Amino acid sequence: MTLTNLAYHDFEVWEPNIPKTIQHQLYEFKNYMGSLVFGITPKRWFARTWVPLKVLRIYGDGSMKGDKSAPVVLDFRDNVIRLRQVCRNEPGYSIEIQMPSWVVERLKEGGDIKFAMIGLRNNKPYLVLVAERVVEPYQPSGYILVVDVNSWRYGIAWGLIKNDKLITWRTEKPDTFLINTLYHQTIERERKVGKLKTLGYSGSARVDEIKEQAYARKSKIYRVTKDKAYFLASKLVKKALKYKALLVIDDMTEETRRELLEEGLPRDIIKLLMSNLKRFIHQLETLAQWYGVPYEFKRLPSTICPVCQHELTQEEGRVMICENCGFKAPRDKVPMHWAIKIENTRSQSSY
Ligand SMILES: [Zn+2]
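Values in this document were obtained by computation on a predicted structure and should not be read as measured data.

The rules behind each value
- Residues numbered from 1 in each chain as written.
- Predicted model: local features only at pLDDT ≥ 70, side-chain atom pairs only at ≥ 80, totals over all residues.
- Heavy atoms only, no water.
- Donors = N, O, S within 2.8 Å, 3.2 Å for Na, K, Ca; no water.
- Tetrahedral: all angles 85-135°; square planar, octahedral: opposite > 155°, others 65-115°.
- Buried < 20%, exposed > 50% of the residue type's maximum accessible area, 1.4 Å probe, protein only.
- Helix = DSSP H or I, 4+ residues; strand = E, 2+ residues; numbered from the N terminus.
- Salt bridge = Lys/Arg side-chain N within 4 Å of Asp/Glu carboxyl O.
- Pairing = 2+ DSSP bridges.
- Axes fitted to C-alpha atoms, helices over the stretch in contact; angles between N-to-C directions.
- Expected span 1.5 Å × (residues − 1).
- Phe/Tyr/Trp six-rings, centres within 6.5 Å; stacked < 30°, edge-to-face > 60°.
- Lys NZ or Arg CZ within 6 Å of the ring centre and 35° of its normal.
- Contact = heavy atoms within 4.5 Å.
- pLDDT = per-residue confidence, 0-100.
- Parallel < 35°, antiparallel > 145°, perpendicular 65-115°, else oblique.
- Left-handed = near helix turned anticlockwise from the far one by under 90°.
- Nonpolar A, V, L, I, M, F, W, Y, C, P; charged D, E, K, R; others polar.

Note on the zinc ion: its protein donors are Cys305 (SG), Cys308 (SG), Cys322 (SG) and Cys325 (SG). The metal-donor distances range over 2.3 Å. Considering all four donor atoms around the zinc ion, angles at the metal cover 101 to 118° and the coordination shape is tetrahedral. Each donor residue of the zinc ion belongs to the same chain, and together they define the spacing C-x2-C-x13-C-x2-C. Judged by relative accessible area, which is 38%, cysteine 325 ranks as partly exposed.

Of note, the phi angle at glutamine 309 is positive, near 65°, even though the residue is not glycine. Mapped onto the secondary structure, glutamine 309 falls in the loop between strand S12 (295-297) and strand S13 (312-315). In this model, arginine 318 sits at a positive phi of 55°, which is unusual for a non-glycine residue. Its location among the elements puts arginine 318 in the loop between S13 and strand S14 (319-322). We classify arginine 318 as buried; its relative accessible area is 14%.

Bringing the pattern of salt bridges into the picture now. For the structure shown, the criterion picks out 13 salt bridges. We note a salt bridge from glutamate 296 to lysine 298, for which the minimum N-O separation is 2.9 Å. A salt bridge links aspartate 332 to arginine 318; its shortest N-O distance comes to 2.9 Å. One end of the pair, aspartate 332, is in the loop between strand S15 (328-330) and helix H9 (334-349); the other, arginine 318, is in the loop between S13 and S14, with 14 residues separating them in the sequence. Via salt bridges that share partners, Asp75, Arg77, Asp78, Arg82 and Glu96 belong to a single interconnected network.

Sheet strands line up and pair through hydrogen bonds in the backbone, either parallel or antiparallel. Taken together, the five strands give an open sheet; going across it, the order is S10-S9-S8-S11-S12, and neighbouring strands pair in mixed fashion. Bordering the open sheet on either side are strand S10 (165-172) and S12, each of which pairs with just one other strand. Across this sheet, the average inter-strand angle for adjacent strands is 15°, counted without regard to direction. The sheet contact formed by strand S8 (residues 144-149) and strand S9 (residues 156-162) spans five bridges and is antiparallel. Among the inter-strand pairings, isoleucine 144 is bridged to a residue of S9, identified as isoleucine 161.

Compared with an ideal rise of 1.5 Å per residue, which puts 39 residues at 57 Å, helix H6 (residues 205-243) spans 57 Å between its outermost C-alpha atoms and is within 8% of the ideal. Residue lysine 244 follows H6 closely and has a positive phi angle near 50°.

Another aspect to go through is the packing of aromatic side chains. Aromatic ring pairs are defined here through the distance separating the ring centres and the angle between the ring planes. Across all of its chains, the model carries three aromatic pairs by this definition. Taking the centre distance of 6.1 Å and the plane angle of 90° together, the rings of tyrosine 295 and phenylalanine 297 count as edge-to-face. Take tyrosine 295: its relative accessible area is 24%, and that puts it in the partly exposed class. Judged by its relative accessible area of 36%, phenylalanine 297 is partly exposed. Sitting over the face of the ring of tyrosine 138, lysine 244 holds its NZ or CZ atom 4.9 Å from the ring centroid. Geometry around tryptophan 169 places lysine 333 over its ring, the cationic atom sitting 5.0 Å from the centre.

Residue position: leucine 182 is located in helix H5 (residues 176-198). Sequence spacing of leucine 182 and isoleucine 221 is 39 residues, and the spatial spacing of their C-alpha atoms is 6.8 Å. Discounting residues that sit within four places of it in the chain, leucine 182 has contacts with Arg217, Lys220 and Ile221.

Across the chain, the average pLDDT comes to 80, with 78% of residues at or above 70. At the low end of the mean pLDDT range in the chain sits helix H2 (residues 20-27), at 48; at the high end sits S14, at 96. Below a pLDDT of 50 lies the segment residues 21-25, which in the model reaches 15 contacts outside its immediate sequence neighbourhood of four places, other chains included. Within the model, the stretch residues 29-47 combines pLDDT values under 50 with 34 contacts to residues more than four positions away or in other chains.

One way to put it is that H6 packs onto helix H8 (residues 267-291) with a least axis distance of 9 Å and a crossing angle of 25°. Taken together, H6 and H8 sit at an angle that is classed as roughly parallel. Between H6 and H8 the crossing geometry is right-handed. When the residues that make up the contact of H6 with H8 are grouped by side-chain class, the tally is 17 nonpolar, five polar and four charged.

So this is what it looks like as structure tokens:
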């Protein structure tokens with residue numbers, strides 16, 4: 001994708017591990033249209049690469065943007081996408097597909113789709129539309145929205161700060177009860193499979209069935225946390241927009257991973273939780289860029305005292321205590337105190 005993106009933006013792309021024909025394909029798609037015939041077993045190279053296509057946009061009033069000979073036409077008059085000569089190399093050949101509603105929404109928000117990428121997903125032709133929008137971030141009003149990406153298991157914490165005060169503060173997390181239940185059900189089934197295997201039942205239908213059940217539970221954990229990640233990212237960006245706040249993201253994924261390891265969670269569950277955490281951060285950043293929310297990444301420690309910088313001790317119930325100065329706060333609130341402290345130093349140094 002990076003490669004095709006670069007090629008689209010007129011950079012010369014020479015990647016040593018792909019055959020020459022594809023390099024040409026990336027460079028000048030149209031001359032190689034003949035090799036883009038679907039319907040038969042796809043060519044092997046095609047399964048591994050995505051080809052950028054120019055996009056012509058025809059708007060509701062009939063005005064146009066883009067290359068008139070582009071193979072992808074987004075027609076907003078009929079809300080259809082036309083693929084010209086992509087699926088068969090015949091002059092005038094085109095297929096029509098329904099315009100996804102999100103494209104219309106992005107357009108209403110001032111976005112534009114300048115290019116598309118075509119490739120294979122699950123062995124089927126797949127068209128990816130890339131929406132772009134150029135927005136100047138607004139001037140922050142003095143509000144700061146701090147998002148602390150904690151252990152995804154405990155959720156994330158966010159706080160709204162103004163004039164050195166924490167106005168609202170909350171931790172949000174995926175349904176940990178459900179995740180725990182699903183997780184233990186998965187483990188239980190994996191153990192059973194192991195036991196049956198040592199007894200010599202490896203290939204039996206019963207083993208397959210239990211394996212299937214374990215897999216279904218694992219996918220559900222993934223889905224639940226993924227949905228929560230998207231929901232939270234959009235909720236937080238809306239909040240930042242409402243207050244015209246500066247978005248400060250504490251992205252300590254390494255510490256999170258360590259914390260999860262210390263809890264003794266198995267590696268594949270950690271991998272699942274971490275990938276959704278990264279997805280959340282990515283989604284947060286993408287939405288912030290799209291809506292012009294100014295944001296920055298800052299390290300906001302949760303184990304160092306924001307008053308005297310002494311190491312904090314964790315007590316029961318994830319309460320952090322400073323043995324040096326007596327500072328005491330819930331672990332997820334410590335980063336908010338750090339955000340206030342950093343903001344203070346910043347406004348003082350600007351005088
Ligand atoms: Zn202290």
